[in-house]
Amino acid sequence: MTAAGRASGPEVSGGPARTRRAFSPQLGLFVGGLVLLAVVAVLSMGVGARPVPPAEVVRALLDYQGTDDHVIVRDVRLPRSLLAVAVGAALAVAGALIQTLARNPLAEPGILGVTAGAGFAITVGSALGLAVGQAGELGFAIVGSVLAALLVAAVGRRSPLRLVLTGVALTAVLSGVALGMRLMLPDVFDTYRFWSVGSLAAREQAPLALPLTAIVVCLLGALLLSRALNALTLGENVAHTLGAGVGRVRGLALVLITVLCGAATAVAGPILFVGLIVPHLVRKPAAGSVPWLILYTMVLGPVLLLIADIGSRVLLPTGEVPVGIVTAFLGGPMLIWAVRRYGAGSL
Amino acid sequence: MSARLTAREITLRYGERVVSTRLSLDVPDGAFTAIVGPNACGKSTLLRALVRLLRPESGHVELDGREVGGYASKALAKQLGFLPQDPLAPDDIKVRQLVSRGRFPHQSLLALWSAQDEEAVAEAMASAGVADLGDRPVQELSGGQRQRVWMAMVLAQRTPYLLLDEPTSFLDITHQYQLLGLLARLRDEGRTVIAVLHDINQACRYADHLVAMRDGRVVAEGVPKDVVDAALIKDVFELPSVIVPDPVTGTPMVVPTLQGE
Ligand SMILES: Nc1ncnc2c1ncn2[C@@H]1O[C@H](COP(=O)(O)OP(=O)(O)OP(=O)(O)O)[C@@H](O)[C@H]1O
Ligand SMILES: [Mg+2]
């Protein structure tokens, strides 16, 4: 902003508008989040049974020399971190979408039955001896989550409340039946146990191209849809009269939630809390703007999951605590912190 | 006065509850129309039908001779601005952001936010008297301030038609007259204003066209001076009254004769 522009003095209506364009604190926060993400990503690629210093990690990425450290970073840890970034972003954005859609800050993407559907399908698949290997598990998880979401959408299409109630009911039924099967069939229990704790370890060999592509496409879709969702937050009536096709927007958002949550769950198991907490942490700075909410969650979800993944390797360097358990441990206190900080009003 | 927005024999219902049967209304163009009537007589329902929030079971709502149902969502949103009786603001939103959402129908993926949007928002906030509230969270405003913020949101939409459901219900007396004055000014600039008002004296003072409703029917309509008399008030509101000329404007003024019954 030039000195001449300032010299015109305080303008009540023009002033804030001009400042907003020159420097937006929201953009600043977003850039800060990206920097944080880069730092955490580099750290996560350095941690493990063989520690690699951050400077060496950066060199491995930018100036590959083929040393042992470089090979570990490039071939083992980079894919794992990318997976964490994709899964974290998918779950967090799915959470932001469902909370916006349901107008309920306690909604999380699993509420639509997607997670339970994936778990059920894997249980059935391994009971039939079909869900073998990671590709098999992945396939069953995807089919299960999509079928569950279709069922919930078909029954609960009329209103967000019906949708959530249907999702909760279906989750209860599927989890119950799946649990019964696992208790009766010990082999199935073993297969499921590994998947169900949520882990990023040893997943990177699985055929991840399809789910990861789906996640990237849906993240872009969420950004494109975010302005219409902005209109939808003003209530159905106002959204209609602003010209946002309410039914279409809601349907598209549901598809995005299902694919994001289903793909993330399929590749990493049911990682709880990310979808619930991340939108909470950024709710205040987003200040009611869905585009910002989605951008922030897209950055902070990966940060949270990378930190959890680092934790999972540091806490138990030999065995690795599954990341799903670490996120739960991190998530509980963070949720309490967010609630205390922003007051119960935000709940 | 010509009408571009019309309802032809529309039947409106919510499930089993029929609100209006074969109601017809021509909204005079470029005029200020006030709709009055007792609670639950179907005023909001009629407005909802005019802005396509409620589909008539039979009959037609037309804008420029075309069924409103046939318009693309955004095209209609550029014509008809609507303020519901009890709009719902999302948590955490600031006043300027809420007003900015009125620009939604004018934006697209390629034209996200233009100088024109900026100007429309600033002007709407100034007109509605909320220019100095821009950075306040909507949640933390008083009822009247909030109502003016929503009014600004609809003004930012810059539509030729403004359909307002009780735009003054939360305002103090000064702000009520300021808002009515603003609506009259917008009418003078050529816009069409349709407002549900509960204060019949204000309606008589400001409206060019008064629509009195009861039980889902239009009981009387026309220039307030021609239609408002004691018989009409008795018929519509079941209120005994005398009608005197407003000492300031000469328009009809309803003075109830009930005393503490
Ligand atoms: N969503 C709805 N579902 C079912 N019935 C409704 C609904 N909205 C309104 N009604 C009924 O329709 C009738 C007309 O309601 P409407 O809201 O149009 O009244 P109104 O004239 O605007 O009243 P008020 O002055 O109290 O705002 C009422 O009997 C009301 O109970
Ligand atoms: Mg009403």
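Further up the page is the structure itself.
For clarity, every value in this text was computed on a predicted model and none was experimentally measured.

Rules of the game
- Residues numbered from 1 in each chain as written.
- Chains lettered and ligands numbered in written order.
- Predicted model: local features only at pLDDT ≥ 70, side-chain atom pairs only at ≥ 80, totals over all residues.
- Heavy atoms only, no water.
- Helix = DSSP H or I, 4+ residues; strand = E, 2+ residues; numbered from the N terminus.
- Buried < 20%, exposed > 50% of the residue type's maximum accessible area, 1.4 Å probe, protein only.
- Contact = heavy atoms within 4.5 Å.
- Areas by Shrake-Rupley, 256 points an atom, 1.4 Å probe, with all protein chains shown as cover.
- Pairing = 2+ DSSP bridges.
- Axes fitted to C-alpha atoms, helices over the stretch in contact; angles between N-to-C directions.
- Lys, Arg positive; Asp, Glu negative; His and termini not counted.
- Salt bridge = Lys/Arg side-chain N within 4 Å of Asp/Glu carboxyl O.
- Near = heavy atom within 4 Å.
- Polar contact = N/O pair within 3.5 Å; in protein donor to acceptor, adjacent residues only side chain to side chain.
- Arc of directions from axis to C-beta.
- Donors = N, O, S within 2.8 Å, 3.2 Å for Na, K, Ca; no water.
- Patch = residues over 30% accessible without salt bridge, like charges linked within 9 Å, V, L, I, M, F, W, Y side chains within 5 Å.
- Phe/Tyr/Trp six-rings, centres within 6.5 Å; stacked < 30°, edge-to-face > 60°.
- Lys NZ or Arg CZ within 6 Å of the ring centre and 35° of its normal.
- Buried area = accessible area lost by both parts, 1.4 Å probe.
- Nonpolar A, V, L, I, M, F, W, Y, C, P; charged D, E, K, R; others polar.

(A) Layout of the overall build of chain A. Along the backbone of chain A there are 16 helices and zero strands. Across the 347 residues in chain A, those meeting the buried criterion constitute 51%. Counted over contacts in chain A with a minimum sequence separation of 6, partners at least 24 positions apart contribute 72%. Here chain A has roughly 15400 Å² of accessible surface; of this, 71% comes from carbon and sulfur atoms.

(B) Broad picture of the sheet that holds strand β2 (residues 17-28) of chain B. All names here are of chain B. The antiparallel open sheet is built from four strands, whose spatial order is β2-β1-β4-β5. Among the strands making up the open sheet, the edge pair consists of β2 and β5 (66-67). Where strand β1 (residues 3-14) meets β2, eight bridges bridge the pair, whose relative direction is antiparallel. Note that in β2 the partner of L5 across the bridge is V27. Contacting β1, β2 and β4 (58-63), helix α1 (residues 43-50) crosses the sheet at an angle of about 120 degrees to β1.

(C) Spotlight on the side chain of A:R283. Among the secondary structure elements, A:R283 is positioned in helix α14 (residues 283-286). No salt bridge is formed by the buried A:R283. Its closest oppositely charged neighbour is B:D92, at 4.8 Å. If we skip the residues at most four places from it in the chain, A:R283 touches A:Q99, A:P105, A:G288, A:L293 and B:D92.

(D) Looking closely at the site of ligand 1. Residue and element names in this part refer to chain B. Not every one of the 14 residues close to ligand 1 is listed here, only the nearest: A40, G42, K43, S44 and T45. In the model, an oxygen atom of ligand 1 is placed 2.8 Å from a nitrogen or oxygen of the A40 main chain. Contact with the protein chains hides 66% of the accessible area of ligand 1, taken as 640 Å² for the molecule alone. Elements with a minimum of two residues in the shell around ligand 1: β2 and α1.

(E) Representation of the pattern of salt bridges. Residue and element names in this part refer to chain B. With the rule as written, the count across this model stands at 21 salt bridges over all chains. With a closest N to O distance of 3.5 Å, E123 and R158 form a salt bridge. Of this pair, E123 sits in helix α4 (residues 115-127) while R158 sits in the loop between α5 (143-156) and β7 (161-165), and the two are 35 residues apart along the sequence. E123 sits in the partly exposed class, given a relative accessible area of 42%. By sharing partners, the salt bridges in this structure join R214, D215, D235 and E238 into a single network.

(F) Region of the structure containing the pairing of strand β11 (residues 241-245) of chain B. Bridge count for β11(B) against strand β12 (residues 252-256) of chain B is five bridges, and the pairing is antiparallel. Note on β12(B): the bridge partner recorded for B:P245 is B:P252.

(G) Examining the environment of B:K74 more closely. Looking at the secondary structure, you find B:K74 in helix α2 (residues 73-77). With relative accessibility at 27%, the residue B:K74 sits in the partly exposed group. Expressed as a C-alpha distance, the spacing of B:K74 and B:A203, which sit 129 residues apart in the sequence, is 31 Å. Look past the residues within four positions of B:K74 in its chain and what remains in contact with it is A:R227, A:G243, B:F104, B:P105, B:Q107 and B:S108.

(H) Representation of the sheet that holds strand β10 (residues 217-222) of chain B. All names here are of chain B. The strand order across the open sheet built from six strands is β6-β7-β8-β3-β9-β10, with neighbouring strands paired in mixed fashion. Every other strand in the sheet has two partners, leaving β6 (80-83) and β10 as the edge strands with one partner each. Strand-to-strand, the axes of this sheet are offset by a mean angle of 15 degrees, without reference to chain direction. Contacts between α5 and the sheet are confined to β6 and β7, with β6 contributing the most and set at about 170 degrees to the helix. Packed onto the sheet, helix α6 (residues 173-188) meets β3 (32-36), β7 and β8 (192-196) and runs at close to 135 degrees relative to β3.

(I) Inspection of helix α4 (residues 54-62) of chain A at higher detail. Residue and element names in this part refer to chain A. Within the span of α4, buried status applies to E56, V57 and A60. Along α4, the residues classed as buried sweep out an arc of 105 degrees about the axis, all on the same side. Taken together, the buried residues of α4 touch α3 (25-46) and α5 (68-102).

(J) Quick peek at the coordination of the magnesium ion (ligand 2). Each protein donor to the magnesium ion (ligand 2) is listed here as B:S44 (OG) and B:Q85 (OE1); together their distances run 1.9 to 2.1 Å. With B:S44 in helix α1 and B:Q85 in the loop between β6 and α3 (95-100), this residue pair connects regions lying 41 residues apart in the sequence.

(K) Looking closely at a nonpolar patch on the surface. Taken together, the side chains of A:L27, A:V31, A:V35, A:V39 and A:L43 present a nonpolar region at the surface, about 410 Å² in accessible area. Its place among the elements puts A:V35 in helix α3.

(L) Examining the packing of aromatic side chains more closely. Inspection of every chain in the model, using the stated rule, returns three aromatic pairs over all chains. Between A:F30 and A:W292 the ring centres are 6.4 Å apart and the planes differ by 65 degrees, which places this aromatic pair in the edge-to-face class. Taken together, the positions of A:F30 in helix α3 and A:W292 in helix α15 (residues 290-315) put the pair 262 residues apart, joining distant regions of the chain. Like A:W292, A:F30 is buried. Grouping aromatic residues by their ring pairs yields a cluster made of A:F30, A:W292 and A:Y296. The positively charged end of B:R66 is found above the aromatic ring belonging to B:Y71, 4.2 Å away from the centroid.

(M) Examining the interface of chain B and chain A more closely. At the junction of the two partners, chain B supplies 33 residues and chain A supplies 29 residues. Across the chain B to chain A interface the summed buried area is about 2600 Å²; carbon plus sulfur atoms make up 58%. The three residues of chain B that bury the most area against chain A are B:D92, B:R101 and B:F104, which together make up 27% of that side's buried surface. Scanning the region where chain B abuts chain A turns up one salt bridge. Among the ionic pairs, A:K284 bridges to B:D92, the shortest N-O distance being 3.7 Å. Between the two partners, chain B and chain A, sit six residue pairs in polar contact (both at pLDDT 80 or more). Counting residues per element, the ones that place at least two in the side of chain B that touches chain A are α2, β6, α3, α4 and α5 of chain B. Classifying every residue of the side of chain B that touches chain A gives 19 nonpolar, six polar and eight charged.

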